[in-house]
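# Residue-level structural notes
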Amino acid sequence: MNTRGFRSQLKDSIPVAELSPQAGAYGVQDTLRKGFTSVKNELLPSHPLELSEKNFQISQDQMNFSTLRNIQGIHAPLKLQMEFRATKQIQRLPFLQSSNIALDTLRGNDESIGFEDILNDPAQSEVMGEPHVMVEYKLGLL
């Protein structure tokens, strides 16, 4: 038996744990904490521009930081990045939807009305679980 060929087959194979990234300790998805599974999240992008649209805000921030660095020096984008990190850490409890108004204000999106402002109603959210369990999970007690 050729063991070299067998090793290459094992190296190219995908472990079962990687096929279901949301699986819990027993190989079953934790519906209480993570919500119901969605096939849509596991699909590849259906259009070439979909990845570009998902990464639009990140690329926009990088472009703004490089422009700011060229105009004002290294201190301006560093200060702005520290403010972004600080505002991203401010959130409500895990079972409540956070509006991230401070982050929108820093980015200048607080005066514009977009698609997500109208159709992102927290009352229609599918991810609503037991509040005590969600807080304990976030604190690492479970």
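Naming follows an unreviewed UniProt entry, where the protein appears as Proteasome maturation protein of Huso huso. Per UniProt, the comment on the protein under Sequence similarities (unreviewed entry) is "Belongs to the POMP/UMP1 family."

## Regarding the overall build of the protein
Of regular secondary structure, the protein possesses ten helices and zero strands. Taken from N to C terminus, the helices and strands of the protein fall in the order α-α-α-α-α-α-α-α-α-α. With 142 residues in all, the protein has 8% of them scored as buried. Long-range pairs, those at least 24 residues apart, make up 33% of the contacts in the protein between residues at least 6 apart in sequence. In the form shown here, the protein has an accessible surface area of approximately 12,600 Å², with 56% of it arising from carbon and sulfur atoms.

## Description of the pattern of salt bridges
For the structure shown, the criterion picks out two salt bridges. Notably, a salt bridge pairs Asp61 with Arg107, separated by 3.0 Å at the nearest N-O pair. Highlighted residues: Asp61 in helix H6 (residues 56-72) and Arg107 in helix H8 (residues 101-107), separated in sequence by 46 residues. When its relative accessible area of 11% is taken as the criterion, Asp61 is described as buried.

## So, H6
Here H6 contains 17 residues, and its C-alpha end-to-end distance of 24 Å stays within 8% of the 24 Å for a straight helix at 1.5 Å per residue. Two residues or fewer after H6 comes Gly73, characterised by a positive phi angle close to 105°.

## Here's the deal with helix H7 (residues 75-89)
Between its first and last C-alpha, H7 extends 22 Å over 15 residues, near the 21 Å set by a 1.5 Å rise per residue. Every buried residue belonging to H7 is among Ala76, Pro77, Phe84 and Thr87, and all of these are buried. On an axial view of H7, the arc spanned by its buried residues comes to 90°, and they lie on one face. Turned more than 90 degrees away from the buried face of H7, the exposed residues are His75, Lys79, Met82, Arg85 and Gln89. Looking at the buried residues of H7, the elements they touch are H6 and H8.

Definitions and limits used
- Residues numbered from 1 in each chain as written.
- Predicted model: local features only at pLDDT ≥ 70, side-chain atom pairs only at ≥ 80, totals over all residues.
- Heavy atoms only, no water.
- UniProt positions renumbered as here; feature names shortened; annotations may be inferred.
- Helix = DSSP H or I, 4+ residues; strand = E, 2+ residues; numbered from the N terminus.
- Buried < 20%, exposed > 50% of the residue type's maximum accessible area, 1.4 Å probe, protein only.
- Contact = heavy atoms within 4.5 Å.
- Areas by Shrake-Rupley, 256 points an atom, 1.4 Å probe, with all protein chains shown as cover.
- Salt bridge = Lys/Arg side-chain N within 4 Å of Asp/Glu carboxyl O.
- Expected span 1.5 Å × (residues − 1).
- Arc of directions from axis to C-beta.

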